[in-house]
Amino acid sequence: MKLIVKKYKILSSTNDKAISLIKKNKLKPTIILSDSQKKGRGRYGKKWISFTGNLFMSIFFEIKKNISVSKFNKKNCLIIKKSLSKILKNINVKSPNDLLVKKKKFCGILQETLIHEGKKFMIVGIGINIKKSPYIADYPTCHINEFSNKKVNKFYIYSLIKKGFEKKY
């Protein structure tokens, strides 16, 4: 699968933009990148805190109608984990959608589906703490540059994930 890339300075949320593009019949597999998000989302309506310098992206593509989302949860988490293993070692997946290093969350993945004009689309929202992580009292967080041997930027990480998805789909 070849992914089209759309970059934005600021969005309410990259998943919301993906939904908007699908509804406007922009249906080719696409990656949406944003420098910042005003209303990043997590599961169950939780807020994703979006600090400048971190990575906010969504990938969407068509899937077969009879395939359940749960089949994609694990596969997509593993694609992202494998892509990031070029930077970080000992990444763990905390089911269903978090990536951890040393028991601290640095990546959240929000997967949604949308049916539009009889076609089903998977939307994979990815938020990665690269330079800064929020303080959450009951859930330890971190950022990649705390554990990486060299400082990395969001464009390098985005390119790794893009290659991972293009290779696996």
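Values in this document were obtained by computation on a predicted structure and should not be read as measured data.

Turning our attention to the pairing of strand β2 (residues 30-37). The element β2 is extensively covered by neighbouring structure, given that seven of its eight residues are classed as buried. In this sheet, β2 lies alongside strand β1 (residues 4-11) in parallel orientation, the contact comprising seven bridges. Looking at the pairing, I10 lines up with S36 of β2. Running through helix α1 (residues 14-23), the crossover from β1 to the neighbouring parallel element β2 is right-handed. In the sheet, β2 pairs with strand β3 (residues 55-63) via five bridges, with the strands oriented antiparallel. Paired with I31 across the bridge in β3 is I59.

Let's shift gears to the packing of aromatic side chains. Under the counting rule described, the total for this entry stands at four aromatic pairs. Measuring from ring centre to ring centre gives 5.9 Å for F165 and Y169, while their planes differ by 15°; the resulting arrangement is stacked. Y169 gets classed as partly exposed once you look at its relative accessible area, which sits at 22%. Counting every residue linked through ring pairs, the aromatic cluster contains F61, F72, F165 and Y169. Over the ring of Y169 we find K75; its NZ or CZ atom is 4.1 Å from the centre of that ring.

Here we take up the sheet that holds β3. Taken together, seven strands build an open sheet; the order of strands is β1-β2-β3-β7-β6-β5-β4 and the sheet is mixed. Of all strands in the sheet, those bounded by a partner on one side alone are β1 and β4 (91-94). The mean inter-strand angle of the sheet, taken between neighbouring strand axes irrespective of direction, is 20°. In this sheet, strand β7 (residues 119-128) lies alongside strand β6 (residues 104-116) in antiparallel orientation, the contact comprising 10 bridges. If you follow I109 over to β7, its bridge partner there is I126. Each of β1, β2, β3, β6 and β7 is contacted by α1, which is oriented at about 20° to β6, the strand it contacts most. Running at roughly 140° to β6, helix α2 (residues 69-84) makes contact with β3, β4, β5 (98-101), β6 and β7 of the sheet.

Time to look at unusual backbone geometry. With an omega of 5°, the peptide bond between S95 and P96 qualifies as cis. The backbone phi angle of K102 is positive, close to 50°, even though this residue is not glycine. Here K102 lies in the loop between β5 and β6. Since its relative accessible area comes to 62%, K102 is described here as exposed.

About the criteria used
- Residues numbered from 1 in each chain as written.
- Predicted model: local features only at pLDDT ≥ 70, side-chain atom pairs only at ≥ 80, totals over all residues.
- Heavy atoms only, no water.
- Buried < 20%, exposed > 50% of the residue type's maximum accessible area, 1.4 Å probe, protein only.
- Helix = DSSP H or I, 4+ residues; strand = E, 2+ residues; numbered from the N terminus.
- Pairing = 2+ DSSP bridges.
- Right-handed = clockwise from strand over helix to strand, strands pointing away.
- Phe/Tyr/Trp six-rings, centres within 6.5 Å; stacked < 30°, edge-to-face > 60°.
- Lys NZ or Arg CZ within 6 Å of the ring centre and 35° of its normal.
- Axes fitted to C-alpha atoms, helices over the stretch in contact; angles between N-to-C directions.
- Contact = heavy atoms within 4.5 Å.

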